[in-house]
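Notes for the structure review
Next come the chains, spelled out residue by residue.
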Amino acid sequence: MSNPLKIDVWSDIACPWCYIGKRRFEAGVEQYRATGGDREIEVEYHSFELAPDTPVDFEGSEVEFLAGHKGMPEERVTQMLAQVTAIASSVGLSYDFDALKHTKTLKAHQVLHLAKSKGLQLEVVERLFKAYFEQGGHVGHDADLADLAAEAGLDRDEVLRVLKEGTYADDVQADIAQAQAYGINGVPFFVVEGRYGISGAQEPATFAQVLNQVAEEAVAP
């Protein structure tokens, strides 16, 4: 049996394009399967902070945060978010930027490392994305993160314990350091088999093409 195709994804829960990219990648895998691709796909998410200076409790709207962070007029930010919302809708996501609670994501990334150790990372990353972008959930507080992670299959008390002890804090920083070493300065960023980098939320066909190419190279004489 062939080894799985390994996909490493640098991503941030607070990144709207990362959730869109997740959906497009999943659609790309479906296209790969539809064209006869039969390699197992193994996906691992890695930590990235788009805005390290974000407070845990930002007092203000997403428009206000982005206007201040990017130095853009609020009207322009509002237009930009409307465009992103429409693109998200095209892949089946219902973004609600009015309800969104902007927060620092370091602890969310620690939870994703715990989830990886339990074989539940994909379930937890999906739950956190959905809470953040569609449900107005807070992904910066220990209790809220524990509740969400428990919904995805983790033990709530264990989540609280590893957050209190900072069990996975070094792992998060190692991911961020690796992104810097790769020269990644924006997410999502997909690394296929440690060799091919795909930057951004590309169309599904792009992902399918790379998966097929890498799979073919693996069996070439």
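Our structure is the block above this text.
None of these values were measured; they are calculated from a predicted model.

Quick look at unusual backbone geometry
Of the consecutive residues V187 and P188, the connecting peptide bond is found in the cis state with omega at 5 degrees. Tracing the backbone through its elements, the reader meets P188 in the loop between α8 (169-182) and β3 (189-192). Even without a glycine there, the phi angle at E193 is positive, about 55 degrees.

Remarks on the layout of surface pockets
A volume near 420 Å³ is recorded for the largest pocket. Residue lining of the largest pocket: 22 residues in total, with A14, P16, L50, L66 and K70 positioned closest to the centre. Only α1 (16-34), α2 (62-70) and α3 (74-90) provide two or more residues apiece to the lining of the largest pocket. Among the elements that line the lining of the largest pocket, the one with the most residues is α2, at five residues. For the lining of the largest pocket, the residue count by class is twelve nonpolar, five polar and five charged.

Considerations on the environment of W10
By secondary structure assignment, the location of W10 is in strand β1 (residues 5-11). Taking the C-alpha atoms as reference points, W10 and E44, 34 residues apart in sequence, are found 8.7 Å from one another. For W10, the contacting residues outside a window of four places in its chain are H46, S47, F48, D175, Q178, A179, Y182, I184, V187, P188, F189 and V191. A polar contact is formed between the side chain of W10 and the backbone oxygen of D175, at a distance of 3.0 Å.

Regarding the packing of aromatic side chains
Counted by the stated rule, this structure contains 13 aromatic pairs. On the basis of an interplanar angle of 90 degrees and a centroid distance of 5.4 Å, the ring pair of F25 and F207 is categorised as edge-to-face. Taken together, the residues F25 in helix α1 and F207 in helix α9 (residues 204-219) connect sequence positions 182 residues apart. Here the two residues F25 and F207 agree in accessibility, since each one is buried. An aromatic cluster is defined as three or more aromatic residues linked by ring pairs; in this entry it consists of Y19, Y95, F97, F129, Y132 and F133.

Topic: the environment of E151
Residue placement: E151 occurs in helix α6 (residues 142-151). On a C-alpha basis, the gap between E151 and A14 in space is 19 Å, while along the polypeptide they are 137 residues apart.

Here we look at empty space enclosed by the protein
Applying the stated rule across the entire model yields one cavity of 30 Å³ or more. Around the largest cavity sit S11, D12, I13, Y45, H46, S47, H109, L112, H113, Q121 and V125, which together line it. Mapped by element, the contributors of at least two residues to the lining of the largest cavity are β2 (41-47), α4 (106-117) and α5 (121-134). Broken down by class, the residue content of the lining of the largest cavity amounts to four nonpolar, six polar and one charged.

Rules of the game
- Residues numbered from 1 in each chain as written.
- Predicted model: local features only at pLDDT ≥ 70, side-chain atom pairs only at ≥ 80, totals over all residues.
- Heavy atoms only, no water.
- Helix = DSSP H or I, 4+ residues; strand = E, 2+ residues; numbered from the N terminus.
- 1 Å grid on protein atoms, 1.4 Å probe; cavity = no way out; pocket = protein on both sides within 12 Å on 5 of 7 lines; lining within 4 Å.
- Points joined across faces, edges and corners; volume = space filled by probe spheres on them.
- Nonpolar A, V, L, I, M, F, W, Y, C, P; charged D, E, K, R; others polar.
- Contact = heavy atoms within 4.5 Å.
- Polar contact = N/O pair within 3.5 Å; in protein donor to acceptor, adjacent residues only side chain to side chain.
- Phe/Tyr/Trp six-rings, centres within 6.5 Å; stacked < 30°, edge-to-face > 60°.
- Buried < 20%, exposed > 50% of the residue type's maximum accessible area, 1.4 Å probe, protein only.

By themselves, these observations are geometric and do not establish any function.
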